[in-house]
Structure formats: C-alpha cells, structure tokens
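An overview of the molecular structure
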Amino acid sequence: MPSVRSSGRATSLPRPAPAGAGRLPWPLRLLILGAAALVCLLSAAVGTGQPGADDGNGLPWLVGHLAGLAAAGLIWWLAPTAAPGWVVIGYTLAESAYMWSFGVDAGWAWPLLIWISVLPGVALVWLALAFPAGRLRRGFDRRLVIMASTYLLCYATVTLLLNPQYPLDAGHERSVYAGLANPALGSLLGQVHAGVMGLFAVVVAGVVLLRWARSSGAARQVAFIMPVAFVIWLVIGVVWSLARLSDWPQELRLVVEDLNVFSVVFVPAAYATGLIRMRTLRARAVDLVQTGETTETGHDRWDGSVKTVLGDRTARLVWPGSQRTTDRDARGRAMSTVGDADAPLVYIEHDAALLDNPQLLRSVSASLRIMIDNERLTAELRQTLREVNRSRLRIVQAADEARRRAERDLHDGSQQQLFSVALRLRMASDEARADGQLALAEGLETTIDQLASAIKELRELARGLHPALLAEGGLGPALAELGRRCTVVTRVNVELRERPKQLIESTVYYFVSECLANVTKYSLATACDVVVSADADGALLVMVADNGVGGADPAAGSGLRRLADRVDAVGGSMRVESQSGQGTVISMELPA
Amino acid sequence: MASVESRVLRVAVADDAVLLREGVVQILRANGHQVVASLGSAAELVEQIEGGLAVDAVVLDIRMPPTHTDEGIVALEQLRAGGFTAGVLLLSTYAVPAYAVRALGSGSGTGYLLKDRVSDSGTLVAAVERVAAGESVVDPEVVSLLVAERTRSDGLDHLTEREREVLTLMAEGRSNSGIARALVVSLKTVEAHISRILAKLGLEDSPADHRRVLAVVRWLEHTDA
C-alpha cells in the first residue's frame, strides 16, 4: 500500500481505520439500522393521530426518518470513520423521539424528552462542520459545537423548570418538573431561543459558506453540497418559525410544515451525497494510469492529469531533486509524498482542502506510484532488451568468427597437410611401381584413393563452415555458387551496389544456403529463384521462392527456427509463405 | 599422359603451405623441370618476376596471406597486366567456377587446378607443361560442376551425348588433337563436332584455342551475356 504523507503545515493523513475497530461489521450495521428503523416506525405509530402532531399524520415524518437512516447506512459504507454514521442515526432517533412526546403520556417521563429533542440541533452543527472528514479538525469548530450543546442543554433544563406543559401544544398533564412554573417567562424564553438558534444556524451556515468560497476548486467540487443543504435547511427552518409565530394562511402553513418535515433529512442526505461524489473522484484516479500508459516520459501530462483527477488546478507534481520551489508553507497548501518518506518518488503539492479526502489522495498516490514504477520497469526492460540483443548479436558474430577461424585452420592446416601427404604417397607409389614392387604400389594407390575421398569430405565440411568465395567475392559469386550446387535449377539474382557488412553478408548467405537445402530436401520443386536487393535506405531484401509442394512450417523444423533466430539476432525479420501446393516463398528483411 | 613439351621448364612455385609447396617442387624436379623459386607469398613472386626472374611457368596458390582470399588471381592479373606471358597454373583448395573464368580471362597460358590433383600421377606436371605451352587448363571437377548445372537449367538437350563429351573436354582446355586422343576419334571428327557445338551454343569459333576455352567456360558459367 503506497503511503501518502504530508509535510509542511499539513498534518499527516489519517489512515483508513482497520476493519473491526472503527468500522462495524456489516451485519451489525444492518442490525443497528433495522433497530433504529423500528424505533422510528413505533414513534410514528404512537404519534400518529395524536393532538399536536401535524394533522395527526406521522407518515411524512416516518419517511423523513427512514431516509435519514438510509443516509446513515450510506455514510457508514463510504466514510473512513464510523462517527458521522452514528451522529446521523442519533440525529434521526432524536428527531423521531419528538413524536413520542405527542403519543406517550408517561407522566414523569415525557418532559425529559426535551433533552433528547435538542440533540438534533447539535448533530446538525457537527455534521455541517465535520463534513467531509468526519471529525472536527479546527478548534473553532469544536468550540462552536460545545457552545451549541451547552446552550441547548441549558435551554432544555430551564424550559423544563419554567414550563408546566411541554410541549406547549401537546395537551399533556402538568409537568412535574415545572418547579419554577412561569408561562409568561417560558413563552419569552421560547422566543429568545428561536432567535439564538437562528443565530447559531446563521453562524454555522456563514462559516461553511465562507470556507467553501475561500477554498480551491478541489474543495468546492465536494464541499458545495453541504453549504447548499445547510442553507436550504436554515431557510426552511426560519420560514417555519415565522409561520408558527405569525398568522399565515392555513394552506401556506401546511406547505411549510411539510417542507420542514422533509428538511430533517437534508443535511444527512447531503453528507452521504458528498461522500458518493468523493468516491467518484477517486474512481477517476484510474484515469491517471491510463494517461501514464499512453505517454513514455510525459511528466507534464501526468501533471495535467493529477490536476484533473484531484480537481485542483493548483496541484502539481514536484520531483525529488528538482529545482522547483514549493509553496508548501503557504496557507492552504499541502504536500503529499508518493512512496516511502525516506525514498520519495514524487511529491504532490496541492490544496490543503484535499486532506479532507484522504482516500482520493491515496488513490492518486497509488496510481502515480504504479505509473512511476511502470515507467522505471519499462525503462529497465528496454535496457535489458537492448543488452540482450547486443549480446545475442555478439554471440552470432562470435559464432561466425569461430566458423571463419575453423575454416581457415582447416584450409591452412589439415587440408594442406593432407594434400602434401597424398602427394608424397603418390611419389612413393610411383617409386614402388618403378622398382617393380607392384603390390606395395597398389596398396599405396588404394590409400591415396581413400585419402582423396577424405580430402573431398573435409573440403565440403570446410565449405559449409565458411565459404571462401563469400569473403573474397561477396554475395554475388557466393550465392551463384550455392545456386549452381543446388539440385533444383536455381536462378540467382543479386542486385547490390555495394557489399554489406560481413555479418549481414554471412547472414544472407546462411539464409539462402538453408533455404536451398530445404528446397532440395522437401520442396519437389523444379525451379527456384533467389533475389537479393536493397531498398533506397540500404535495407536488404532477400527472397527464396520455389514452385514446389509448399506446406513448410517454421514451427515444425529446427532449420527454419534456427534461421529465424539468426535473422532476429541481427535485427531482421523473416516471413514464410508456404500454402500447400503453391510453392514456398521465404523472405527476409535486414536493416541497413 | 603425353607431355606437350619435353624441354626443361624453369618454374616458380608460390604457396604459403610449406609442405605442399615442397612436394610440388619435388614432383616438378622429379619430372625433370627446374624450380627457380619456391616462395611463400604472391607478393614475393610478383616482386621476383618484375625484378627480372625468367620463368616458363608459375605454380600459384590462390588463397594466401595477407587476406587469405584471392591473392593468387590478383597476382596473376597484375603479372599479365605487366606483359607477363609465361604459363600460370593456379591451385585452389575449392572448386570455384568464378575463379576459373577470372583466371582464363587474364590471357592464354593459364590454368585452374584443384589441389587434389597434385596427388594424381602426372596431372600437375602435365598441366604445368600445358600452360607453359600457352594452352588453357580447367580442372575437370569445375567443368563437370558447370556442365551438370547447365544441364539442369538449360537441359543441353540440343547437344548429343558425344557433343556433350566434346564440350566437356573443350572446357577443360584440351586442344583438338587432345580431344581426339581422349575420345579415340579422328581429328576431323572432333573438328566437325566442335563447329556443330559452337553453332548450337551460338559461340563464334576462334582460331586461338585459348579464346575458345574461355568462351565455352563463360557460356557454361552463364557469364557469356
């Protein structure tokens, strides 16, 4: 797993929590969500038809709550930490608890629900500020959440003490906790509370909007969802409050009530949607690898791809050892390291907002690492291939040289000695014959005949090793000689202005020699053509064509295979066309 | 085999293979000829002859230092260009028709023989004597190679069996009388065969034996065009 580490101002990216620790196993998650859904269902059933519940219909609430639970499930599935999922579930249950207060007359118990009913406010503030990282990274955010929690608990407690009835319009019996019962003060407190809550909501919306406005494109791509959802929720809340407090027409009030019911789910749904969006961004990290495959060393194009995939026009790659200055200490910038910290492959300089999406950074980092590794491996492979090709060429050259030397040694050594031995034997036999030693003379002559056939065999062997004519006369005479010795009538046409390099000459010679040997052995041909020509660039084209039975299979015989290897070694290519019954054309192309 | 000339020849031998060279020297001397130079390279031979060494014939190995390719033929062409008219017998390890054509092309009194022949009784000496007399000599193996190939490609069907025999002997550089002796026919018969063969092959008859041999060998080697 490639690691992404940030340096400079940015703190290191959180690792994904290992399964089982921060993340719940999915059956347990389903169980928890199912239980929460059951609670919502019960609360809707209990609240429905009770006075105070809007029109006595709990169904819109139930739909909103179940949607909230679905969002919680999505968030659990997508978020790196379990916290936001729990918060959304808590939020939904707390919302649904409000319904209980209409349906359950539990005497001493129901007023306590007021504490639960203030929790959704805290949850919303937390969700809006913690998105998308799933935790409060700034001290300001933490203080804001603590302030909201403290205020709401205080408000709930004071309300409990002041209001003899809670909720005011639920029509329950007097609250046993209203020790300081003062309806007038309670009513005033209610109005102040609405104002304070409105202020809180405006502050949070302001903070979220401001951050979004100041962030780079990277953050905006993801973070716009939350401010939008939060502001819509806020507006609906304000409108709803106004509608409750003033004498709006009944129809309008009902519309606002319904909107308010559904606005419950806005923020959790926005949270889940944002996570889905981040996931699709991560999927685009694959684009990086595709870009990498189409370029060889186009690091600039990688740069462009990283910008696109991160959605951050300011992002760029900084290569280790490069002279490019970095803005790592600039406000809002961050550096992430691809590769190990002690052996970095490349740094990504990017908007600090992207630290909220560590999985995206990790995906991009992993892709970059693959691309860099791939580039390095490709380069190594090319280098190895070059070396292998060079060494293969050297082997062919060495083999050629060895054959040349062996032929030279045979020619200058053994062959000449055998000639002179034969000559001496002849002189001896002539002498013996002159002396009348006919038996000895005949014996010597038999030996001379045996020696003569040995000399012939040795000559054929030496010729096969390396034709003397090739070295002296080049391909024209040497191939003509090959054609002359072929038992099939062979026309040889060598159209070369100048002699190719020795290695190329010998390759052409062995190619034609092997092909003609095959023509003799297998083709049953009556005619054969050998053509050697050069194109304008000096590349050699060699073709051996016969009118025989065809059906030559390069895979079957070792001869053609060996030939292909040798042609390959000098950088040429070979083709065999041999349809059964249509003769055989073996051609070869050698580079200039 | 009857020797063409019975006079004592002054012969120079050039071959880098010492043992073989000494053998050739011995066999020439044993046949009554005088070896005036026994040399290890073609360059030394050219130097000696251009320096005024008088010879009737030269026995010259083709493949010698420094390049080990065609030094002998190069030396031959160099000598002929300098007006050298004595006989030159080239010795070759391999039967290479192209070499034979090249050698014959340098002028009359030239021969091309495989080294195998040095152990044939009298062949080498006879060849030296023939080139010294201005005749041409082509090794029978080279000729049979050429005739076999020509037979495969052109068929040579328009020649009779006897004509083909005569053609072969012509290509080996035999004179009319030599052919007559070899085939045990009359000189007139041989001359009739030869004129028919040359007509069939589209070759002009030449009063000089050497030119006729060259034409025939070139035709066989496909270099007549």
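Since the structure is predicted, the reported quantities are computational estimates derived from the model, not experimental observations.

Examining the overall build of chain B
The secondary structure content of chain B amounts to ten helices and six strands. The long-range share in chain B, meaning contacts at least 24 apart out of those at least 6 apart in sequence, stands at 66%.

Section: the overall build of chain A
Per the secondary structure count, chain A includes 19 helices and nine strands. For chain A, long-range pairs separated by at least 24 residues make up 68% of all intrachain contacts whose partners lie at least 6 apart in sequence.

A word on the confidence of the model for chain B
All names here are of chain B. When the pLDDT values of chain B are averaged, the result is 89; 96% of them are 70 or greater. By mean pLDDT, the top-scoring element of chain B is strand 1 (residues 10–14) (97), and the lowest-scoring one is helix 10 (residues 209–220) (85). Among the prediction metrics, the complex's ipTM stands at 0.88, with pTM recorded as 0.62.

Considering the sheet that holds strand 5 (residues 489–495) of chain A
Residues and elements named next belong to chain A. If you trace the five strands from one edge of the open sheet to the other, you get 5-6-7-9-8, paired in mixed fashion. Every interior strand has two partners, whereas the edge strands, strand 5 and strand 8 (573–577), have only one. Between one strand axis and the next, the sheet turns through 10° on average, direction left out of account. On top of the sheet, helix 18 (residues 502–523) reaches strand 5, strand 6 (527–534), strand 7 (540–546) and strand 9 (584–590); it is set at about 10° to strand 7, its chief contact.

A word on the pairing of strand 5 of chain A
Residue and element names in this part refer to chain A. One ladder, built from seven bridges, connects strand 5 with strand 6; its direction is parallel. Across the sheet, valine 489 pairs through a bridge with alanine 527, a residue of strand 6. A crossover connection joins strand 5 to the parallel strand 6 through helix 18; in handedness this β-α-β unit is left-handed.

Examining the interface of chain B and chain A
Tallying the contact residues gives 25 residues for chain B and 30 residues for chain A. Those elements that provide at least two residues to the side of chain B that touches chain A are helix 1 (18–30), helix 4 (97–105) and helix 6 (140–154) of chain B. When residues of the side of chain B that touches chain A are assigned to their parent elements, the largest contribution, six residues, is made by helix 1 of chain B. Here the residues of the side of chain B that touches chain A sort into eleven nonpolar, eight polar and six charged.

Some remarks on the packing of helix 5 (residues 119–130) of chain A against helix 7 (residues 183–214) of chain A
Residues and elements named next belong to chain A. One can describe the packing of helix 5 onto helix 7 by two numbers: an axis separation of 10 Å at closest approach and a directional angle of 10°. Classed by the angle they form, the pair helix 5 and helix 7 counts as roughly parallel. When helix 5 is examined against helix 7, the residues Gly121, Val125, Ala128 and Leu129 are found in contact with a partner set consisting of Met197, Phe200, Val204 and Val208. Residue classes in the contact of helix 5 with helix 7 are distributed as seven nonpolar, one polar and no charged.

Quick notes on helix 10 of chain B
An α-helix turns once every 3.6 residues. As a result, residues three or four positions apart point the same way. All names here are of chain B. Taking 1.5 Å of rise per residue, twelve residues should cover 16 Å, and helix 10 covers 17 Å from first to last C-alpha, within 8% of that figure. Among the residues making up helix 10, those that are buried are Arg212, Val213, Leu214, Ala215, Val216, Val217, Trp219 and Leu220. Buried residues along helix 10 sit against helix 4, strand 6 (137–138), helix 6, helix 7 (161–171) and helix 9 (187–201).

Looking at helix 6 of chain B
Residue and element names in this part refer to chain B. If you check helix 6, its first and last C-alpha atoms are 20 Å apart, about what 15 residues at 1.5 Å a residue would give, namely 21 Å. Within helix 6 the residues assigned to the buried category are Val142, Val143, Leu145, Leu146, Glu149 and Arg150. Along helix 6, the residues classed as buried sweep out an arc of 160° about the axis, all on the same side.

Comments concerning the sheet that holds strand 3 (residues 57–61) of chain B
Residues and elements named next belong to chain B. In space, the six strands of this open sheet follow the order 2-1-3-4-5-6, with parallel pairing throughout. Either end of the sheet is taken by a strand with one partner, and the two such strands are strand 2 (34–39) and strand 6. Where strand 1 meets strand 3, four bridges bridge the pair, whose relative direction is parallel. In the strand pairing of strand 3, alanine 14 is matched with leucine 60. Those strands touched by helix 4 are strand 4 (87–92), strand 5 (110–114) and strand 6, and its axis lies near 160° from that of strand 5.

A short note on unusual backbone geometry
Here B:Pro65 and B:Pro66 are connected by a cis peptide whose omega angle stands at 5°. The topology assignment puts B:Pro66 in the loop between strand 3 and helix 3 (71–81). Phi at A:Leu524 is positive, roughly 55°, even though this residue is not glycine. Tracing the sequence through the fold places A:Leu524 in the loop between helix 18 and strand 6. Phi at B:His68 is positive, roughly 60°, even though this residue is not glycine. Here B:His68 is to be found in the loop between strand 3 and helix 3. Here B:His68 falls in the partly exposed class, since 18 other C-beta atoms lie within 10 Å of it.

Re the nonpolar core
General note: in soluble globular proteins, nonpolar side chains tend to be found buried as a group. Among the nonpolar cores identified, the biggest contains 116 residues, and A:Val512, B:Leu60, B:Leu89, B:Leu90 and B:Val128 are the most heavily contacted of them. Among the elements that make up this core, the one with the highest residue count is helix 18 of chain A (eight residues). Look past the residues within four positions of B:Leu60 in its chain and what remains in contact with it is B:Ala14, B:Ala42, B:Leu45, B:Gly72, B:Ala75, B:Leu76, B:Val88, B:Leu89, B:Leu90 and B:Leu91. Within the second largest apolar cluster, 78 residues are counted, among which are A:Trp61, A:Val118, A:Leu124 and A:Val267.

Thoughts on the pairing of strand 2 of chain B
Residue and element names in this part refer to chain B. Relative to strand 2, strand 1 runs parallel, the two being bridged by five bridges. Directly across from alanine 12, in strand 2, lies its bridge partner alanine 37. As for the winding sense of the linkage, the β-α-β connection from strand 1 through helix 1 to strand 2 is right-handed.

What to know about the environment of A:Gly64
Residue and element names in this part refer to chain A. Structurally, glycine 64 can be placed in helix 2 (residues 59–78). Along the primary structure glycine 64 and cysteine 40 are separated by 24 residues, whereas in three dimensions their C-alpha atoms are 9.8 Å apart. Residues in contact with glycine 64, not counting those within four places in the same chain, are Val261, Phe262, Val264 and Val265.

Considerations on the packing of helix 2 (residues 42–50) of chain B against helix 3 of chain B
All names here are of chain B. Contact geometry for helix 2 and helix 3: axes closest at 9 Å, N-to-C directions at 15°. Here helix 3 runs roughly parallel to helix 2, going by the angle between their axes. The crossing of helix 2 and helix 3 is right-handed. Across the interface between the two elements, Ala42, Leu45, Val46 and Ile49 of helix 2 pack against Glu71, Gly72, Ala75, Gln78 and Leu79 of helix 3. Counted by class, the contact of helix 2 with helix 3 contains six nonpolar, two polar and one charged residues.

Overview of the environment of A:Phe140
All names here are of chain A. Assignment of secondary structure puts phenylalanine 140 in helix 6 (residues 139–162). Given 11 C-beta atoms within 10 Å, phenylalanine 140 falls into the exposed group. Note: C-alpha distance between phenylalanine 140 and leucine 129 (eleven residues apart in sequence) is 9.9 Å.

Description of the environment of A:Arg408
Residues and elements named next belong to chain A. Its location among the elements puts arginine 408 in helix 14 (residues 358–434). Judged by the 17 C-beta atoms lying within 10 Å of it, arginine 408 falls in the partly exposed class. As a C-alpha pair, arginine 408 and leucine 465 span 57 residues in sequence and 9.6 Å in three-dimensional space.

Rules and cut-offs
Per chain, residues are indexed from 1 in the order of the written sequence. Chain letters start at A and ligand numbers start at 1, both assigned in the order the entries are written. In keeping with the model being predicted, local features are shown solely for residues with a pLDDT of at least 70 and side-chain atom pairs are shown and tallied solely at 80 or more, while totals for entire chains, interfaces and linings include all residues. For helices the rule is a DSSP run of H or I covering at least 4 residues; for strands it is a run of E covering at least 2, with both sets numbered from the N terminus onward. It is the C-beta atoms, placed from the backbone, that decide contacts: two residues are in contact if theirs lie within 7 Å. As a per-residue measure, pLDDT reflects the predictor's confidence and takes values from 0 up to 100. Strand pairing is assigned whenever DSSP identifies at least 2 bridges connecting the two strands. Helix axes are fitted to C-alpha atoms over the stretch in contact, other axes to C-alpha atoms as well, and angles between N-to-C directions run from 0 to 180 degrees. For crossovers, right-handed means that the path from the first strand over the helix to the second runs clockwise, given strands pointing away from the viewer. Classification convention: Asp, Glu, Lys, Arg as charged; Ala, Val, Leu, Ile, Met, Phe, Trp, Tyr, Cys, Pro as nonpolar; all other residues, Gly among them, as polar. Between 65 and 115 degrees an angle is taken as roughly perpendicular, under 35 as roughly parallel, over 145 as roughly antiparallel, and anywhere else as oblique. By definition here, a helix of n residues has an expected span of 1.5 Å times n minus one. Every C-beta atom is placed from the backbone, and the number of other C-beta atoms within 10 Å of a residue's own sets its class: buried at 20 or more, exposed at 12 or fewer, partly exposed in between. Note that the arc is defined by the directions from the helix axis to the C-beta atoms. To form a nonpolar core, buried Ala, Val, Leu, Ile, Met, Phe, Trp, Tyr and Cys residues must be joined through C-beta atoms within 7 Å. The sense of a crossing depends on the near helix, which, turned anticlockwise from the far helix by less than a right angle, makes the crossing left-handed and, turned clockwise, makes it right-handed.

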